[in-house]
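Fold and contact review
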Amino acid sequence: MTLPTPVLHTDRLRLRPFTDADADSLFALHSSSHVLRYWDSPPWIDPARAQRFLANCRTLEDEGTGARVVVDRLSDGAFVGWCGLSDWNPEYRSASLGYVLGDAMWGHGYATEAAHALLRWAFDTLDLNRVQAEADTRNEASARVLEKLGFVREGTLREDCVVNGVVSDSWVYGLLKREWQPSAVRGTR
């Protein structure tokens, strides 16, 4: 069963499917050690990784297991980053949320706004009951984004990641449909 990747809009952002033209922006994003310092894999060093990521996005859609969207700024079309749902399970009505934004885009509320739009789609269109997210325990900014969206911290995965020899813990967050507040985030429709 396929899962068509949505096109969504907020007051400031457009969320859309990836195209091959996004490869350079995607590589620039994922090759930044600063941006990925809390990510569960090391920064990319091979530009071909962007092509593999794009192929994986198409596979997620074709297999119906998730959807990843580019986040563009409406005012100038700038590539902000991406967000997505993975591990979609229609039987359990659940999925996992993830996002990565360029460091120049941090602190403007874009992560919260984009994730909110994707969550609205997930709860309304996919009829999800639960969305899960994880954040490195050192990544306080991501924790704040999740909490603004209504996620509840449910626990800690101790030493669950080892990236470039650095061991880290992750917080696990959950958001239930009955707790979801679609109008809670400014700038979303």
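Each remark here, short or long, concerns the structure printed above.
Quick caveat: nothing in here was measured; it's all calculated off a predicted structure. (Residues numbered from 1 in each chain as written. Predicted model: local features only at pLDDT ≥ 70, side-chain atom pairs only at ≥ 80, totals over all residues. Heavy atoms only, no water.)

1. Quick word on the overall build of the protein
To keep things clear, this is the line we draw: Going along the chain from the N terminus, every DSSP run of H or I of four or more residues is numbered as a helix, and every run of E of two or more is numbered as a strand. The globule rule is 2.2 Å times the number of residues to the power 0.38, and the radius of gyration it is compared with is taken over C-alpha atoms. Exposure categories follow from relative accessible area, calculated using a 1.4 Å probe and restricted to protein chains: below 20% of the type maximum is buried, above 50% is exposed, and the middle band is partly exposed.
Helix and strand counts for the protein come out as four helices and eight strands. When the helices and strands of the protein are placed in sequence order, the string is β-β-α-α-β-β-β-α-β-α-β-β. On C-alpha atoms alone, the protein measures out to a radius of gyration of 16 Å, which is about the 16 Å that the 2.2 N^0.38 rule sets for 189 residues. Oriented by its inertia axes, the alpha-carbon framework of the protein measures out at about 40 × 40 × 35 Å. Every one of the 189 residues in the protein was classed for burial, and the buried ones make up 48%.

2. Examining unusual backbone geometry
You will see that Arg-93, though not glycine, has its phi angle at about 55 degrees, which is positive. Residue position: Arg-93 is located in the loop between β4 (79–89) and β5 (94–101). The class for Arg-93 is partly exposed, based on a relative accessible area of 30%. With a phi angle near 45 degrees, Glu-159 is a residue other than glycine that sits in the positive phi range.

3. Remarks on the pattern of salt bridges
Operational definition: Salt bridge, as applied in this entry: a Lys or Arg side-chain nitrogen positioned within 4 Å of an Asp or Glu carboxyl oxygen.
Summed over all chains, the structure comprises eleven salt bridges. Here Asp-127 ties to Arg-93 by a salt bridge, and the two come within 3.5 Å at their closest N and O atoms. Here the residue Asp-127 occupies a position in the loop between α3 (110–124) and β6 (130–136), and Arg-93 occupies one in the loop between β4 and β5, the gap between them amounting to 34 residues. Accessibility expressed as a relative area gives 34% for Asp-127, which makes it partly exposed. In this structure, Arg-138 and Asp-136 form a salt bridge, with 2.7 Å as the shortest nitrogen-oxygen distance.

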